[in-house]
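Geometric and topological summary
Below, each chain spelled out in residue letters.
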Amino acid sequence: MAHEVETMAYANAVPWHGLGARVDQDVSVQEMLEAAGLNWELKQVPLQVAPSDRTPEAMVGLPVLERSAWVRDTDNKVMAVAGPAWRPLQPAKTIEFMRNYVASGNATLETAGSLRGGKLVWGLAKLNHNFEVRAGDHVNGYLLITSPNEVGKAITVRTTTVRVVCANTMALAMAGGNGETHYRQTHMSDFDEEAAKAVVGNAHEQLAQAERNAKILDKLKLSASDAITKVLAPVFFPSTLKDKELMEEIQTPEGMPKRLLEIMTSIESSPGNAEIAGTGWAVLNGVTHWADHVYGRSAASRMDRAWMGDNARHKLAVEQKLLELAS
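So, how was this worked out
Residues numbered from 1 in each chain as written. Predicted model: local features only at pLDDT ≥ 70, side-chain atom pairs only at ≥ 80, totals over all residues. Heavy atoms only, no water. Helix = DSSP H or I, 4+ residues; strand = E, 2+ residues; numbered from the N terminus. Buried < 20%, exposed > 50% of the residue type's maximum accessible area, 1.4 Å probe, protein only. Contact = heavy atoms within 4.5 Å. Areas by Shrake-Rupley, 256 points an atom, 1.4 Å probe, with all protein chains shown as cover. Lys, Arg positive; Asp, Glu negative; His and termini not counted. Charge placed at Lys NZ, Arg CZ, Asp CG, Glu CD. Pairing = 2+ DSSP bridges. Axes fitted to C-alpha atoms, helices over the stretch in contact; angles between N-to-C directions. Phe/Tyr/Trp six-rings, centres within 6.5 Å; stacked < 30°, edge-to-face > 60°. Lys NZ or Arg CZ within 6 Å of the ring centre and 35° of its normal. Salt bridge = Lys/Arg side-chain N within 4 Å of Asp/Glu carboxyl O. Expected span 1.5 Å × (residues − 1). Polar contact = N/O pair within 3.5 Å; in protein donor to acceptor, adjacent residues only side chain to side chain.

Here we look at the overall build of the chain
- For the chain, the count of helices and strands is 10 helices and 11 strands.
- Principal-axis analysis of the C-alpha atoms places the extent of the chain at approximately 75 × 50 × 35 Å.
- Classification of the 327 residues of the chain by burial places 50% in the buried group.
- Across the chain, the fraction of contacts at a sequence separation of at least 24, relative to all contacts at a separation of at least 6, is 59%.
- Carbon together with sulfur atoms contributes 52% to the accessible area of the chain, which is approximately 15300 Å² in total.
- Distance between charge centres in the chain, computed from 33 positive and 39 negative side chains, equals 2 Å.

See below:
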């Protein structure tokens, strides 16, 4: 499938990239697994190496102690090589967690799928909580679970928002309030569903704080120069902060780095930003639009980095800088 999205299915609105198979909103776990191409399991296989002695008596592989290969049962693709304590979260368990949350009436299942050849499995559910920053500027709340089938990467369950007019995503960081913002667990134990549910139980409090933050930033007036020097340079180009000449240079059309030029273009012209021009809300949405829709070689790589990688951290850092200015 194009854009490195290996497989996916969706209910309700067509995803931003237009890929995937449509399913009914009340789809069962098994139906979602099949539609999303996730009806597979990882099987633990003893790891062996070929012997250097190729005589008939030595053609049997030599066992590798304390290591196993985790192999996808549908195509024998090796997903991970790990020690005895490593525990994958199977796709069925990933989607079952989301469906149980949906069944409680707190959400509707929107999409599920895999990236990077099955290395990352995700599910996304729309929460029954949304808000308006100003008239017509709607933001919806979502619950996202990501399960990487890679050693050293953690399973996460988190609350995120999507600004409707531009499909910008923003993971939530609590600026005030109580409780964790997301659940994170390594693969060194079985998935603790109850612990994950306890954390995402704070979702409505997190979304209420997100609404307060958005409205604060909507009132924050910010020039392009201040956006660069006080927000974007500290987050994306910290090495320029102590060099006055370089700081002045990056604000010129000739000296502006490509990444900064792309971000400034998104701030000025991304969907919905004309109505909020000159505000902190426009700066934050320009950065999220750049991360979600512009940066990178493919929609899949953007989604990975914007949801869980460096650009997810950049979004939060930009929001924090803006909130500091507003205070």
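Some thoughts on the sheet that holds strand S4 (residues 62-72)
- Pairing in this open sheet of 3 strands is antiparallel, and the strands run S3-S4-S5 from one edge to the other. Pairing within the sheet leaves two strands with one partner each, and these edge strands are strand S3 (42-49) and strand S5 (78-82). Within this sheet the neighbouring strands show an average axis-to-axis angle of 35°, counted without direction.
- Sheet analysis places S4 next to S5, joined by 4 bridges and oriented antiparallel.

A few points about the packing of aromatic side chains
- Counted according to the given criterion, the structure contains 6 aromatic pairs.
- Aromatic side chains Phe236 and Phe237 sit 6.4 Å apart centroid to centroid with 45° between the ring planes, which places their arrangement in the tilted category. Of the two residues, Phe236 and Phe237, neither departs from the other in class, the shared state being buried.
- Summarising the aromatic geometry, the rings of Trp290 and Tyr295 are spaced 4.8 Å apart at their centres and angled 45° between planes, so their arrangement reads as tilted.
- When its relative accessible area of 0% is taken as the criterion, Trp290 is described as buried.
- An aromatic cluster is present here, built from Phe236, Phe237, Trp290 and Tyr295 joined pairwise through their rings.
- If you follow Arg72 out to its NZ or CZ, it ends over the ring of Trp40, 5.1 Å from the centre.

So, the pairing of strand S6 (residues 107-115)
- Extensive coverage of S6 is indicated by the burial of 9 of its 9 residues.
- Direction of pairing for S6 relative to strand S7 (residues 120-132): antiparallel, over a ladder of 8 bridges. The residue bridging Thr111 from the neighbouring strand is Leu124, located in S7.
- Linking two consecutive strands that pair antiparallel, namely S6 and S7, is a turn of 4 residues; a positive phi of about 50° is found at Arg116 within it.

Focus: the pairing of strand S11 (residues 182-185)
- Across the two faces of S11 the burial differs, with Tyr183 and Gln185 buried and His182 and Arg184 not buried at all.
- Inspection of the sheet shows strand S9 (residues 155-163) paired to S11 by 4 bridges, in the antiparallel sense. Bridge pairing in S11 links Arg158 to His182.

Things to note about the environment of Asn273
- In this structure, Asn273 sits in the loop between helix H7 (258-269) and helix H8 (280-294).
- With 48 residues separating them in the primary sequence, Asn273 and Ser225 have C-alpha atoms 17 Å apart.
- Sequence-distant contacts of Asn273, that is, excluding residues within four places in its chain, are made with Arg163, Ser266, Ile267, Ala282, Asn285 and Gly286.

Observations regarding the pattern of salt bridges
- Enumeration over the complete set of coordinates arrives at 13 salt bridges.
- Of the charged contacts, one joins Lys43 and Glu41 as a salt bridge, the two residues approaching to 3.0 Å between their closest N and O atoms.
- According to the relative accessible area criterion, Lys43 is partly exposed, its value standing at 40%.
- Glu41 gets classed as partly exposed once you look at its relative accessible area, which sits at 35%.
- One salt bridge in this structure joins Glu211 and Lys215, with 3.0 Å as the shortest N-O distance. In this pair, Glu211 and Lys215 both sit in helix H4 (residues 203-219), 4 residues apart, roughly one turn of the helix.
- When salt bridges with common partners are traced through the structure, they connect Arg116, Glu150 and Lys153 into a single cluster.

A look at H4
- Counted at 1.5 Å a residue, the expected span for H4 with its 17 residues is 24 Å, and the 25 Å between its end C-alpha atoms agrees.
- Within H4 the residues assigned to the buried category are Ala203, Gln206, Leu207, Gln209, Ala210, Asn213, Ala214, Leu217 and Asp218.

Considering the side chain of Gln185
- Looking at the element boundaries, Gln185 is found in strand S11.
- Relative accessible area serves as the criterion here: at 7%, Gln185 is assigned to the buried category.
- Of note is the side chain of Gln185, whose polar atom sits 3.2 Å from the backbone oxygen of Ser189.
- Those residues in contact with Gln185 that sit more than four places away from it in its chain are Ala154, Ile155, Asp190, Phe191 and Asp192.

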